[in-house]
Amino acid sequence: MSHDPHAFRPLDPSRINALDVVELRYWCIDLGCSERQLNQAISTVGDHVAAVREFLNTTGSCSCDTAPPRSTQSARRRRPSTAVDSRDDPDDQTV
């Protein structure tokens, strides 16, 4: 089992399992809130991620209002270029 926190994905990405410490940590990072704020949101609006996100946004408790879900963030990340710049090639003799 991997202990990498970035490798974790919830079984149901539309709901927050408040009984799972690892999942709570995941959602706190994803939603940009504290565990206390997340638990209050869950007790107020339920465990649906959309409702929790909306509640946290309206109360100003999170930084998730403009952040897309993790899956789209990783897909949007720019991959490093593998092209070699000819200026960096020591064997290139062109002037």
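Higher on the page you've got the structure.
Residues numbered from 1 in each chain as written. Predicted model: local features only at pLDDT ≥ 70, side-chain atom pairs only at ≥ 80, totals over all residues. Heavy atoms only, no water.

*Asks:* Quick question: what am I supposed to make of the overall build of the chain here?
*Replies:* Helices and strands together make up the secondary structure of the chain, namely 4 helices and 0 strands. Its helices and strands in sequence order give the chain the pattern α-α-α-α, from N to C terminus. In the chain, which comprises 95 residues, the share counted as buried stands at 23%. A fraction of 34% describes how many contacts in the chain between residues 6 or more apart in sequence connect residues 24 or more apart. Accessible surface computed for the chain: about 7,400 Å², of which carbon and sulfur atoms make up 52%. (Helix = DSSP H or I, 4+ residues; strand = E, 2+ residues; numbered from the N terminus. Buried < 20%, exposed > 50% of the residue type's maximum accessible area, 1.4 Å probe, protein only. Contact = heavy atoms within 4.5 Å. Areas by Shrake-Rupley, 256 points an atom, 1.4 Å probe, with all protein chains shown as cover.)

*Asks:* I tried to follow the packing of aromatic side chains on my own but got confused; where do I start?
*Replies:* Aromatic ring pairs are described here by two measures, namely the spacing of the ring centres and the angle between the planes. Applying the stated criterion across every chain yields a total of 2 aromatic pairs. Ring plane angle 65° and centroid distance 5.5 Å describe the contact between Phe8 and Tyr26, whose orientation is recorded as edge-to-face. Taken together, the positions of Phe8 in the segment before helix H1 (21-31) and Tyr26 in helix H1 put the pair 18 residues apart, joining distant regions of the chain. With a centroid separation of 5.0 Å and an interplanar angle of 85°, the aromatic rings of Tyr26 and Trp27 are classed as edge-to-face. According to the relative accessible area criterion, Tyr26 is buried, its value standing at 9%. Three or more aromatic residues link up through ring pairs in this structure, and these residues are Phe8, Tyr26 and Trp27. (Phe/Tyr/Trp six-rings, centres within 6.5 Å; stacked < 30°, edge-to-face > 60°.)

These values are about where atoms sit, not about what they do.
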